[in-house]
Amino acid sequence: MADTDDAQEVKEFHTDVKQQTESYFLKGSNSLDWGMKNRLARIFNSRSGNTVMLAVDHGYFQGPTTGLERIDLNIMPLVPYADTLMLTRGILRSLVPPSMTTPIVLRASGGSSILKELSNEEIAVGIEESIRLNVCAMAVQVFIGAEYEKQSIINMTRLVDMGNRYGIPTLAVTAVGKDMVRDARYFRLATRLCAELGAHYIKTYYIEEDFETVTSCCPVPIVIAGGKKIPELDALKMAHNAILKGANGVDMGRNIFQSESPTSMIQAVAAVVHDRETPDKAFELYNELSNQRT
Ligand code: R5P
């Protein structure tokens, strides 16, 4: 029994101060449960409202991608600058030290390779495994307009159902087939469809024309993939324009880990995403940091 001898008699109830109720900072997420919101708040920075996700999951369908041959040597040094690390459970268990506290977004779909039809995926990780690995979100590829469109959509809805049960958000990744048109009309369809069917946030590609219409009619946050490697300044301009037009961050892979100086590049991207630095200023930062390293 607690020793109550020293219990203070004088208490302060602050009866004149109304209890504060914080409104949640993330678009479309106010009605989610506490655990879900808490996980999203670890992915998205509540100050900027945005995230820099470092995507290194490419190996799940294309093997050892350039820049990802040695995750231990090439990627782990970048992790302190990322808000989130997106990867597969195989790489997580084999190469990422459990002492690392950066939130994990787990690649949860798979089953196809670059040698065959990519849209033929299924859910490749159980919910218990996601809980066991203490992940902050699960990512699933959704192939709108592709051969296995329905299967990939149902993968997503099943993952959303499982995640909702345990407070784990689902990131829908809109995959675009090689021969499909990448325009605002397509991305409005793909992102809205994923949101309507329950995805908590959505990754899509940035397009120059009318990207703001994609973000404006999608009720949950959108992050952009980086896509193929382009010059550093162009990648920074892309991230800057995406944020300006309503994206809540990037889920960037090749434009970071295939950069001449990945550690400098991720810091420059973070300056754009979190501090709204201009692309030119961020590129200056990139050059300064790169020069310090040589
Ligand atoms: C596909 O391989 C994955 O979803 C990647 O995480 C995604 O494409 C982002 O990587 P990148 O910026 O290299 O396009």
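Residues numbered from 1 in each chain as written. Predicted model: local features only at pLDDT ≥ 70, side-chain atom pairs only at ≥ 80, totals over all residues. Heavy atoms only, no water.

Section: the site of the ligand
Put simply, the rule reads: Residue proximity to a molecule or strand is established when one non-hydrogen atom of the residue lies within 4 Å of it. Polarity classes work like this: nonpolar for Ala, Val, Leu, Ile, Met, Phe, Trp, Tyr, Cys and Pro, charged for Asp, Glu, Lys and Arg, and polar for all others, with Gly in that last group.
Near the ligand you find 15 residues, and of these Asp-57, His-58, Lys-203, Gly-253 and Arg-254 are the closest. Its residues assigned to classes, the shell around the ligand shows six nonpolar, four polar and five charged.

Observations concerning the sheet that holds strand β3 (residues 104-107)
For clarity, the cut-off: Between any two strands, at least two bridges found by DSSP are needed for them to pair. A helix here means a DSSP run of H or I that spans at least four residues, while a strand means a run of E at least two residues long, and both kinds are numbered starting from the N terminus. Here, axes are lines fitted to C-alpha atoms. For helices the fit covers the stretch in contact, and angles between N-to-C directions go from 0 to 180 degrees. By the convention used here, residues are in contact when the closest approach between their heavy atoms is within 4.5 Å.
The eight strands are arranged β1-β2-β3-β6-β7-β8-β9-β10 in a closed barrel whose pairing can be described as parallel. For this sheet the average axis-to-axis angle between neighbouring strands, irrespective of direction, equals 25 degrees. Looking at chain direction, strand β6 (residues 137-142) and strand β7 (residues 170-174) are connected through five bridges and run parallel. Among the inter-strand pairings, Val-140 is bridged to a residue of β7, identified as Ala-172. Along the sheet, helix α6 (residues 149-166) makes contact with β6 and β7, crossing β6 at roughly 165 degrees.

Points about the packing of aromatic side chains
Keep this limit in mind: We call Phe, Tyr and Trp rings a pair once their centres come within 6.5 Å, taking the six-membered ring for Trp, and we label the pair stacked below 30 degrees between planes, edge-to-face above 60, and tilted otherwise. Relative accessibility thresholds used throughout: buried, under 20% of the residue-type maximum; exposed, over 50%; partly exposed, between the two (1.4 Å probe, protein chains only).
Enumeration over the complete set of coordinates arrives at seven aromatic pairs. Ring geometry for Phe-44 and Tyr-201: centres 5.1 Å apart, planes at 75 degrees, overall edge-to-face. Of this pair, Phe-44 sits in the loop between α1 (34-43) and β1 (51-55) while Tyr-201 sits in strand β8 (residues 201-204); the two residues are 157 residues apart in sequence, bridging distant segments of the chain. Taken as a pair, Phe-44 and Tyr-201 share a single burial class, namely buried. Aromatic side chains Phe-283 and Tyr-286 sit 5.9 Å apart centroid to centroid with 10 degrees between the ring planes, which places their arrangement in the stacked category. Here Tyr-286 and Phe-283 lie together in helix α12 (residues 279-293), a separation of three residues that amounts to about one turn. The partly exposed category is assigned to Phe-283, whose relative accessible area is 25%. On the basis of relative accessible area, Tyr-286 is assigned to the buried category, the value being 5%. Through successive ring pairs, a cluster of aromatic residues spans Tyr-186, Phe-187 and Tyr-205.

Description of the packing of helix α11 (residues 262-275) against α12
Just so we agree on the cut-off: Roughly parallel here means an angle under 35 degrees, roughly antiparallel means over 145, roughly perpendicular means 65 to 115, and every remaining angle is called oblique. Less than a right angle of anticlockwise turn of the near helix away from the far helix marks a crossing as left-handed, whereas a clockwise turn marks it as right-handed.
Between α11 and α12, whose axes approach to 8 Å, the crossing angle comes to 155 degrees. Looking at the two axes, α11 sits roughly antiparallel to α12. Judged by the twist between their axes, the crossing of α11 over α12 is right-handed. Between α11, through Thr-263, Ser-264, Met-265, Gln-267, Ala-268, Ala-271 and Val-272, and α12, the contact on the second element is made entirely by Ala-282, Leu-285, Tyr-286, Leu-289, Ser-290 and Arg-293. Among the residues making up the contact of α11 with α12, the classes are represented as eight nonpolar, four polar and one charged.

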